[in-house]
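For reference, the chains in residue letters:
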Amino acid sequence: MDGIEYADAISDIVRGLSELQRKMAEVEEEFSGQENSLEALQKKHEILQKVLEKQAEKQEILTRTLREAEQSQAGAGERTEALRQALSEAEEQISHTNQEISQNERYMREAESAADHCATSINRYGEEVQTAGEGTESLTDSLKKAVTENLAPRVSDMAKDL
């Protein structure tokens, strides 16, 4: 890969990473105050995966270009050292992004679990409300029966006595 191809490829990747940073900022703004919601974490995860792909692409280009530079210059020269440094930085960025992805995945699992627990609590509450409603209905029926069978005849007898 010659110098122009290398510069163009790296420039394309840097532009792509800048665009992904902009998208990440948009997601952070969109979910301000709700950063740990499942939807926010999922969108962040999608962007982080794309960042990782771009960084891996950059690492691949740097590795190939470094190999070519070492072969053509017998491992010497400023360009080879600059490529080694750039490759090292790319590897650090990939490591950092992998850590972010792992942390984000942990947060997504927690959010999913919290949502599951919330849904379970809501279901239990609904069941309790239904049971209470059935109990209230049964009590109402018992009271009606008691009034009809016991109180109504007595009131009728009392009315006769007047």
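Residues numbered from 1 in each chain as written. Predicted model: local features only at pLDDT ≥ 70, side-chain atom pairs only at ≥ 80, totals over all residues. Heavy atoms only, no water.

**Remarks on the overall build of the protein**
Argument step 1. Each helix and strand in the protein was counted, giving three helices and zero strands.
Argument step 2. Seen in sequence order, the protein has helices and strands lined up from the N terminus as α-α-α.
Argument step 3. By the burial criterion, 21% of the 162 residues in the protein qualify as buried.
Argument step 4. A sequence separation of at least 24 residues applies to 71% of the contacts in the protein between residues at least 6 apart. (Helix = DSSP H or I, 4+ residues; strand = E, 2+ residues; numbered from the N terminus. Buried < 20%, exposed > 50% of the residue type's maximum accessible area, 1.4 Å probe, protein only. Contact = heavy atoms within 4.5 Å.)

**A word on the nonpolar core**
Argument step 1. Judged by nonpolar contacts, the single largest core of 23 residues is most densely connected at Tyr6, Ile10, Ile47, Val51, Ile61, Leu62 and Leu83.
Argument step 2. The set of elements that each furnish at least two residues to this core consists of helix 1 (3–30), helix 2 (38–73) and helix 3 (78–161).
Argument step 3. A per-element tally of this core places helix 2 first, with nine residues.
Argument step 4. Not counting chain neighbours up to four residues away, the residues in contact with leucine 83 comprise Tyr6, Leu62, Thr65, Leu66 and Ala69. (Core = buried A, V, L, I, M, F, W, Y, C linked by side-chain atoms within 4.5 Å.)

**What about the side chain of glutamine 55?**
Argument step 1. Looking at the element boundaries, glutamine 55 is found in helix 2.
Argument step 2. Among the residues examined, glutamine 55 registers a relative accessible area of 7% and is labelled buried.
Argument step 3. There is a polar contact of 2.6 Å between the side chain of glutamine 55 and the side chain of threonine 97.
Argument step 4. Residue contacts for glutamine 55: discarding those within four places in its chain leaves Leu17, Gln93, Ile94 and Thr97. (Polar contact = N/O pair within 3.5 Å; in protein donor to acceptor, adjacent residues only side chain to side chain.)

**Describing the pattern of salt bridges**
Pairing between side chains of opposite charge can happen when their charged atoms approach one another.
Argument step 1. Within the structure shown, the criterion is met by six salt bridges.
Argument step 2. Two residues, glutamate 19 and arginine 22, come together in a salt bridge whose shortest N-O distance is 2.2 Å. Remark: arginine 22 and glutamate 19 occur in helix 1; sequence separation between them is three residues, near one turn of the helix.
Argument step 3. The salt bridge involving arginine 84 is made with glutamate 81; its shortest N-O contact spans 3.5 Å. Of this pair, arginine 84 and glutamate 81 both sit in helix 3, three residues apart, roughly one helical turn.
Argument step 4. On the basis of relative accessible area, glutamate 81 is assigned to the partly exposed category, the value being 44%.
Argument step 5. One network of salt bridges, in which partners are shared, links Glu19, Arg22 and Glu26. (Salt bridge = Lys/Arg side-chain N within 4 Å of Asp/Glu carboxyl O.)

**Some words on the environment of glutamate 60**
Argument step 1. On the secondary structure map, glutamate 60 appears in helix 2.
Argument step 2. In this structure glutamate 60 comes out as exposed when scored by relative accessible area, which is 53%.
Argument step 3. Along the sequence, glutamate 60 and leucine 87 sit 27 residues apart, while their C-alpha atoms lie 8.8 Å from each other.

**Overview of the confidence of the model for the protein**
Argument step 1. Looking at the protein as a whole, its pLDDT mean stands at 81, while 67% of the residues score no less than 70.
Argument step 2. Ranking the elements of the protein by mean pLDDT puts helix 3 last, at 74, and helix 1 first, at 92. (pLDDT = per-residue confidence, 0-100.)

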